[in-house]
Amino acid sequence: MKVWIIDDDLVSRFATQYGIQQASTPCTIQIFESAMEVLDVVNDKTFLAQDLPDIILLDLVMPNMDGWQFLDELKKSGKHKSGMRIFILSAFAKVKDRQLAKEHPLVHGYFDKPLSRISVDSIFSAIA
């Protein structure tokens, strides 16, 4: 299983990575500091949809491109695979963001930061 973490905050990235590593599901984790960095990888001509992760953990509040803009660009790229699950991670519990996450076709869940063990288990059970 492959997991991508997209978050501009070092402490949040570390906490999310640690939480995933404590889960009993073996996986490889790749960390990205910006949504633009991920789009550069995905839009590379040599990148194949099968190289996408099983799970993307996406921060919403990032400079230059926020999580919602990233989702729009990912959708436009056509580079997503069935079975891939994107989960929003946010330190700011906004009702509007939770509602948008529920309605977005690429988003499979919304979790508060820091990611709890129960949340990690919930994420992995969504893939099983």
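Thresholds applied
- Residues numbered from 1 in each chain as written.
- Predicted model: local features only at pLDDT ≥ 70, side-chain atom pairs only at ≥ 80, totals over all residues.
- Heavy atoms only, no water.
- Helix = DSSP H or I, 4+ residues; strand = E, 2+ residues; numbered from the N terminus.
- Contact = heavy atoms within 4.5 Å.
- Phe/Tyr/Trp six-rings, centres within 6.5 Å; stacked < 30°, edge-to-face > 60°.
- Buried < 20%, exposed > 50% of the residue type's maximum accessible area, 1.4 Å probe, protein only.
- Salt bridge = Lys/Arg side-chain N within 4 Å of Asp/Glu carboxyl O.

This part is about the environment of Leu60. Here Leu60 is to be found in the loop between strand S3 (55–59) and helix H3 (67–77). Along the primary structure Leu60 and Leu74 are separated by 14 residues, whereas in three dimensions their C-alpha atoms are 14 Å apart. Not counting residues within four places of it along the chain, the set of residues in contact with Leu60 comprises Asp66, Gly67, Trp68, Ile88, Leu89, Ser90, Asp97 and Tyr110.

On to the packing of aromatic side chains, then. The tally for this structure, following the rule as stated, stands at 4 aromatic pairs. With 5.9 Å between their ring centres and 50° between their planes, Phe87 and Phe111 make a pair best called tilted. Separated by 24 residues along the polypeptide, Phe87 in strand S4 (residues 85–90) and Phe111 in strand S5 (residues 107–112) bring together distant segments of the chain. By the burial criterion, Phe87 is buried, and Phe111 matches it.

The omega torsion of the bond from Lys113 to Pro114 falls at -10°, within 30 degrees of zero and hence cis. Structurally, Pro114 is set in the loop between S5 and helix H5 (117–127). Even without being glycine, Asn64 reaches a positive phi, approximately 70°.

Moving on: the pattern of salt bridges. Using the criterion set out here, one finds 7 salt bridges in the structure. Two residues, Lys76 and Glu73, come together in a salt bridge whose shortest N-O distance is 3.3 Å. In this pair, Lys76 and Glu73 both sit in helix H3, 3 residues apart, roughly one turn of the helix. A salt bridge links Asp121 to Arg117; the nearest nitrogen and oxygen atoms lie 3.4 Å apart. Placement of the pair is Asp121 and Arg117 together in helix H5, with a separation of 4 residues, close to one helical turn. Three or more residues joined by partner-sharing salt bridges are found here, namely Asp7, Asp59 and Lys113.

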